Every structure is written in C-alpha cells, then in structure tokens.
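Survey of secondary and tertiary structure
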Amino acid sequence: GFDVFAPALVEYSVAVGLRPGLADLLPWAAVGNRTEYVLSGLSLPAGPVWVSVRAQYPSGRAGTSSHRLVIDSTAPVPGTIQRLALPPLAPQCVANVSALE
C-alpha cells in the first residue's frame, strides 16, 4: 500500500494484469495525482484479473497496491420472478404498563 495523503507524491500509475503487479493486459499508464480514474475500452479475459496502482514519490520510492477482480463473461440465466403471498400482519399495540400505574 501507500499513503494517499503523502504531501510529496509525484504521480499515480495504473495497470491491469493476470497477476498482482503485472501489466500484461494494460500497460502502466500515468494518471497524475488523481485518486480516481476510469479505465474504459478494455477487453478482459474471463476469470481473475488484477488492477494495480503504483504511487511514485520524489525520493524514488514507489508503493504498489493490487486488487483482484473476477470477470464473469457468462450470460445470465433467464428466470421467473415469483411474488410470495404472505398473510396480512396483525396489528400490534405496545404499551408501557408501568407508566399507567
């Protein structure tokens, strides 16, 4: 991991790969000092992929964090939504009997 509040942060980079820290599906791309970035136009294989973010500090030190995503390319199975018939709720009255004494 890395400290997103580090005052001397130079830039973030993002990559996508088949293992943590790899960039075999999307090469490392500099995104500046933005802490949010949208990846679009990707064609990812079904199964697990890893999105990695690297923070580069002026000292040359870098920190990398990777997070696993599972890509499910199977189509959803059509089904039927069924409504459950539940009996109506009986009205309830709750009172603090000790307050009436």
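What counts as what
Residues numbered from 1 in each chain as written. Predicted model: local features only at pLDDT ≥ 70, side-chain atom pairs only at ≥ 80, totals over all residues. Heavy atoms only, no water. Helix = DSSP H or I, 4+ residues; strand = E, 2+ residues; numbered from the N terminus. Buried < 20%, exposed > 50% of the residue type's maximum accessible area, 1.4 Å probe, protein only. Contact = heavy atoms within 4.5 Å. Areas by Shrake-Rupley, 256 points an atom, 1.4 Å probe, with all protein chains shown as cover. Phe/Tyr/Trp six-rings, centres within 6.5 Å; stacked < 30°, edge-to-face > 60°. Lys NZ or Arg CZ within 6 Å of the ring centre and 35° of its normal. Polar contact = N/O pair within 3.5 Å; in protein donor to acceptor, adjacent residues only side chain to side chain. Pairing = 2+ DSSP bridges. Axes fitted to C-alpha atoms, helices over the stretch in contact; angles between N-to-C directions.

In terms of helices and strands, the protein carries one helix and four strands. Shown N-terminal to C-terminal, the secondary structure of the protein runs as helices and strands in the order β-β-β-β-α. For the protein, buried positions account for 18% of its 101 residues. Intrachain contacts of the protein at a sequence separation of at least 6 include 47% that bridge at least 24 residues. When the accessible surface of the protein is split by element, carbon and sulfur atoms take 58% of a total near 8200 Å².

Here asparagine 33 is to be found in the loop between strand 2 (26-32) and strand 3 (47-56). On the basis of relative accessible area, asparagine 33 is assigned to the exposed category, the value being 60%. When the C-alpha atoms of asparagine 33 and glutamate 11 are compared, they prove to be 4.9 Å apart, with 22 residues separating the residues in sequence.

Here the focus is the packing of aromatic side chains. On inspection of all chains with the given rule, the structure shows zero aromatic pairs. In this structure, arginine 54 packs its charged tip against the face of tryptophan 28, placed 4.0 Å from the ring centre. One cation-aromatic arrangement involves arginine 61 over tyrosine 57; the distance from NZ or CZ to the ring centre is 4.3 Å.

A separate point is the side chain of serine 52. Mapped onto the elements, serine 52 comes out in strand 3. Side-chain polar atoms of serine 52 contact the side chain of serine 66, separated by 2.6 Å. Discounting chain neighbours no more than four positions away, the residues touching serine 52 are Ser13, Val14, Ala15, Pro20, Gly21, Trp28, Thr64, Ser65 and Ser66.

Moving on to the sheet that holds strand 3. Taken together, four strands build an open sheet; the order of strands is 2-1-3-4 and the sheet is antiparallel. The open sheet has two edge strands with one neighbour each: strand 2 and strand 4 (62-71). Ignoring which end each strand starts from, the neighbouring axes of this sheet average 20 degrees apart.

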